[in-house]
Amino acid sequence: MAVAGFYRRALPSPPAIEFASPEGKQLFTEALEGGTMNSFFKLISYYQTQSEPAYCGLASLAMVLNALAIDPGRTWKGPWRWFDDSMLDCCEPLVKIKEKGITFGKVACLAHCNAAKVETFRTNEITVDGFRRFVVSCNSSEDYYIISSYHRGAFKQTGSGHFSPIGGYHAGKDMVLILDVARFKYPPHWVPLELLWEAMNTIDKATGHHRGFMILSKLDKASSILYTLSCRHKGWSSVANYLSADVPHLLKSEDVKDVEEVLSVVFKSPPADLREFIKWVAEVRRQDDGGIILSEEEKGRLSIKEEVLKQVQGTELFKYVTRWLISEISTCKGTISGHNNELPEIAANVCCQGAKLLTENFSSLDCMVLKKAGVKFRKSDGEKPVTEVSGTVFTDGSEQGVDMLVPLSQTAASSLCDLDQNGCHGFHPSAGDVLSVLIFSLHQNTWSNIKDEKLQAEINSLVSIDNVPPLLQEEVLHLRRQLHFLTIDIGLASAS
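A. Focus on the overall build of the protein chain. Across its full length, the protein chain carries 16 helices and 17 strands. Counting across all 496 residues of the protein chain, residues that qualify as buried make up 54%. Partitioning the contacts of the protein chain with sequence separation of at least 6, the portion at a separation of at least 24 is 70%. Just so you have it, the protein chain exposes about 21,700 Å², and 51% of that area is on carbon and sulfur atoms.

Here's what the structure looks like:
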């Protein structure tokens with residue numbers, strides 16, 4: 001009786017050599033003796049089969065993040081923190097990846113968002129000899145890993161674009177070991193390095209750009225503390241295009257006279273999804289995860305978030321943005337819609353984002369806080385008060401009570417307190433600091449078209465991070481790298 005579906009594929013050989021074959025084993029032994037199999041052992045310890053046919057990029061990344069011993073900072077199942085391809089959805093909804101796969105730039109962005117240092121190389125940016133040097137150096141180390149983006153056709157395999165990690169290199173034969181994450185289809189296999197180069201030196205029809213490879217290593221600390229860019233919404237590319245291309249053009253065509261006019265040009269007619277493009281990263285916990293007692297890790301992360309927020313609100317740029325926002329609100333212009341400064345409203349969207357992980361429901365795009373969020377100020381272990389926003393999240397029929405720990409900067413009250421109906425028990429993240437950080441994240445060339453040289457120098461001074469505290473420097477550099485990775489897929493990398 002015929003059975004529907006496929007059970008594996010025969011590996012076309014040549015050009016590939018199956019890893020478990022006698023010849024493949026011999027290549028492994030010789031490469032091991034040559035010292036270019038050091039990356040293999042940690043990768044093989046965390047070898048993962050992609051859980052969906054289009055999850056090759058996610059599975060490759062999960063393998064490497066686990067090999068780098070990066071703590072995801074959120075649970076996978078039960079109490080365990082662990083990377084799985086079903087958790088990597090901060091840059092693209094999983095339902096969309098399941099249907100269409102994921103692009104090179106977004107895999108890099110995902111890696112960056114999950115505390116990996118990422119260097120990307122498309123084949124039109126480097127030579128095959130340069131690629132070979134990286135393959136040798138990375139596979140001679142246990143601290144650097146390569147994910148390759150290539151077209152299967154070069155190996156006479158079925159399918160098209162694919163991602164997989166490189167697990168080793170044989171110098172004598174000039175062959176690389178591909179740890180294919182589609183193990184249901186093909187086993188791990190050796191291929192000639194120059195043939196892999198040909199497979200990478202192809203155009204991805206989804207972006208119109210060359211494929212390539214990326215090198216991942218571990219950052220000393222988490223790359224994102226308080227702010228992150230999001231491309232989960234449909235309009236993210238138009239926002240990225242607006243910030244990277246349209247804003248410099250608008251500044252060139254407008255005769256701006258002061259900083260407030262510059263801010264008006266940037267924000268007077270932004271895409272509707274601007275407010276969805278930059279988010280602040282909340283500390284979200286289940287209400288059944290331990291009452292009001294905070295772990296040392298939670299206290300530490302909250303303390304750092306508060307320090308970053310304080311540093312943002314201490315900048316001259318923040319003062320200009322705050323005055324501009326107050327002017328906009330007082331004149332009822334309302335150009336930045338959706339930036340409500342009431343704490344429950346700000347928190348509701350973040351609670352909703354956290355619900356996907358809290359309820360272990362990773363596939364839904366629709367979730368909402370149905371019960372109005374409430375703000376609590378209470379002490380934990382006799383220490384300073386902790387601000388929580390509590391609410392109930394419903395997603396696909398699942399209900400979960402959540403608490404969000406809100407960072408507060410203990411700065412002097414400002415005029416924006418009048419906009420917060422909860423009063424200023426400390427100043428929580430709001431439109432002023434979010435827009436300030438967004439301005440900080442734009443490329444320096446953004447302001448080069450300002451005609452007034454004195455004003456251009458003033459803006460460059462306001463957005464410079466040379467003299468800001470190290471924490472804020474790291475935060476801004478994180479956002480700039482995110483914007484770079486997001487724009488390389490839409491052909492704007494040179495502008496960012």
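Resuming the write-up.
B. Inspection of the nonpolar core at higher detail. One finds Trp190, Leu216, Tyr227, Phe267, Phe277, Trp447 and Ile459 to be the most contacted residues of the largest nonpolar core, which totals 107 residues. Among the elements that take part in this core, helix 3 (residues 56-67) stands out by supplying 9 residues, more than any other. Residues in contact with Tyr227, not counting those within four places in the same chain, are Lys279, Trp280, Val281, Val308, Leu309, Val312, Asp433, Val434, Val437, Glu475, His478 and Leu479. Counting residues in each nonpolar core, the second largest holds 24 residues, with Leu11, Ile126, Phe155 and Ile215 among its members.

C. Structural view of the side chain of Thr103. Along the chain, the position of Thr103 falls in the loop between helix 4 (94-100) and helix 5 (104-113). Contacts of Thr103, omitting those with residues within four sequence positions, involve Phe163, Ala206, Thr207 and Asp489.

D. Geometry of the packing of aromatic side chains. Within the structure shown, the criterion is met by 13 aromatic pairs. For the ring pair Phe131 and Phe213, a centre distance of 4.8 Å and an interplane angle of 50° mean the geometry is tilted. Of the two residues, Phe131 sits in helix 6 (residues 128-139) while Phe213 sits in strand 11 (residues 212-218), which places them 82 residues apart along the sequence. A residue is classified by how much of its surface remains accessible, and Phe213, at 0% relative accessible area, is buried. Three or more aromatic residues joined by ring pairs make a cluster, and in this case those are Phe121, Phe131, Phe134, Trp197 and Phe213. Across from the ring centre of Phe6, 4.5 Å away, lies the NZ or CZ of Arg9, which sits over that ring.

E. Looking closely at the packing of helix 11 (residues 296-313) against helix 16 (residues 470-488). It is at 9 Å that the axes of helix 11 and helix 16 come closest, and there the two elements cross at 90°. Classified by the interaxial angle, the pair formed by helix 11 and helix 16 is roughly perpendicular. Residue-level contacts link Ile304, Glu307, Val308, Gln311 and Val312 of helix 11 to Leu471, Leu472 and Glu475 of helix 16. Partitioning the contact of helix 11 with helix 16 into residue classes produces 5 nonpolar, 1 polar and 2 charged.

F. Expanded view of the sheet that holds strand 7 (residues 175-178). Read from one edge of the open sheet, 7 strands run 1-8-7-6-5-11-4, paired in antiparallel fashion. Each having just a single partner strand, strand 1 (17-18) and strand 4 (116-122) make up the two edges of the open sheet. Sheet strands touched by helix 3: strand 4, strand 5 (145-151), strand 6 (161-170) and strand 11. Its angle to strand 6, the strand with the most contacts, is close to 40°.

G. Focus on helix 9 (residues 259-267). The set of residues buried in helix 9 consists of Val259, Val262, Leu263, Val265, Val266 and Phe267. Taking the backbone nitrogen of Glu260 as reference, a side-chain oxygen 3.3 Å away marks Asp258 as the first, capping residue of helix 9.

H. The side chain of Arg152, seen in detail. Checked against the element boundaries, Arg152 lands in the loop between strand 5 and strand 6. Looking at Arg152, the relative accessible area reads 3%, which means it is buried. Separated by 2.6 Å, the side chains of Arg152 and Gln157 make a polar contact. Not counting chain neighbours up to four residues away, the residues in contact with Arg152 comprise Gln157, Thr158, Gly159, Ser160, His162, Asp180, Ala182, Lys185 and Tyr186.

I. Geometry of the layout of surface pockets. Its volume calculated, the second largest pocket comes out at about 780 Å³. Lining the second largest pocket we find 39 residues, and of these Lys100, Gly101, Ile102, Asp204 and Ala206 sit closest to its centre. Those elements giving two or more residues to the lining of the second largest pocket turn out to be helix 3, helix 4, helix 5, strand 5, strand 6, strand 9 (203-204), strand 10 (209-210) and helix 8 (236-253). Sort the elements by how many residues they give to the lining of the second largest pocket and strand 6 lands first, with 3 residues. A breakdown of the residues in the lining of the second largest pocket according to their chemical character gives 12 nonpolar, 15 polar and 12 charged.

J. Structural view of the pairing of strand 11. Strand 11 sits mainly inside the fold: 6 of its 7 residues count as buried. Relative to strand 11, strand 4 is paired through 7 bridges, and the arrangement is antiparallel. Bridging across to strand 11, Arg122 finds its partner in Gly212. Both strand 5 and strand 11 contribute to a ladder of 5 bridges, which runs antiparallel. Paired with Ile146 across the bridge in strand 11 is Ile215.

K. Examining the environment of Asp255 more closely. Mapped onto the elements of the fold, Asp255 is located in the loop between helix 8 and helix 9. Residue Asp255 is classed as partly exposed on the basis of its relative accessible area, which comes to 47%. A polar contact of 3.2 Å, which involves the side chain of Asp255, links it to the side chain of Lys257.

L. Representation of the pairing of strand 8 (residues 189-192) within the structure. Relative to strand 8, strand 1 is paired through 2 bridges, and the arrangement is antiparallel. Residue pairing in the sheet places Ile17 in a bridge with Trp190 of strand 8. Of the pairings in the sheet, the one linking strand 7 to strand 8 comprises 4 bridges and is antiparallel in character. Within the sheet, the bridge partner assigned to Met175 lies in strand 8 and is Pro192.

M. Region of interest: the pattern of salt bridges. Applying the stated rule across the entire model yields 9 salt bridges. As a salt-bridge pair, Glu316 and Lys319 come within 3.0 Å of each other at their nearest N and O atoms. Separated by 3 residues within a single helix, Glu316 and Lys319 lie in helix 12 (residues 316-330), roughly one turn from each other. When salt bridges that share partners are traced, they join Asp129, Arg132, Asp174 and Glu194 into one network.

N. Spotlight on helix 14 (residues 431-441). Helix 14 sits mainly inside the fold: 11 of its 11 residues count as buried. Within helix 14 the residues assigned to the buried category are Ala431, Gly432, Asp433, Val434, Leu435, Ser436, Val437, Leu438, Ile439, Phe440 and Ser441.

Conventions we followed
Residues numbered from 1 in each chain as written. Predicted model: local features only at pLDDT ≥ 70, side-chain atom pairs only at ≥ 80, totals over all residues. Heavy atoms only, no water. Helix = DSSP H or I, 4+ residues; strand = E, 2+ residues; numbered from the N terminus. Buried < 20%, exposed > 50% of the residue type's maximum accessible area, 1.4 Å probe, protein only. Contact = heavy atoms within 4.5 Å. Areas by Shrake-Rupley, 256 points an atom, 1.4 Å probe, with all protein chains shown as cover. Core = buried A, V, L, I, M, F, W, Y, C linked by side-chain atoms within 4.5 Å. Phe/Tyr/Trp six-rings, centres within 6.5 Å; stacked < 30°, edge-to-face > 60°. Lys NZ or Arg CZ within 6 Å of the ring centre and 35° of its normal. Axes fitted to C-alpha atoms, helices over the stretch in contact; angles between N-to-C directions. Parallel < 35°, antiparallel > 145°, perpendicular 65-115°, else oblique. Nonpolar A, V, L, I, M, F, W, Y, C, P; charged D, E, K, R; others polar. Pairing = 2+ DSSP bridges. Polar contact = N/O pair within 3.5 Å; in protein donor to acceptor, adjacent residues only side chain to side chain. 1 Å grid on protein atoms, 1.4 Å probe; cavity = no way out; pocket = protein on both sides within 12 Å on 5 of 7 lines; lining within 4 Å. Points joined across faces, edges and corners; volume = space filled by probe spheres on them. Salt bridge = Lys/Arg side-chain N within 4 Å of Asp/Glu carboxyl O.

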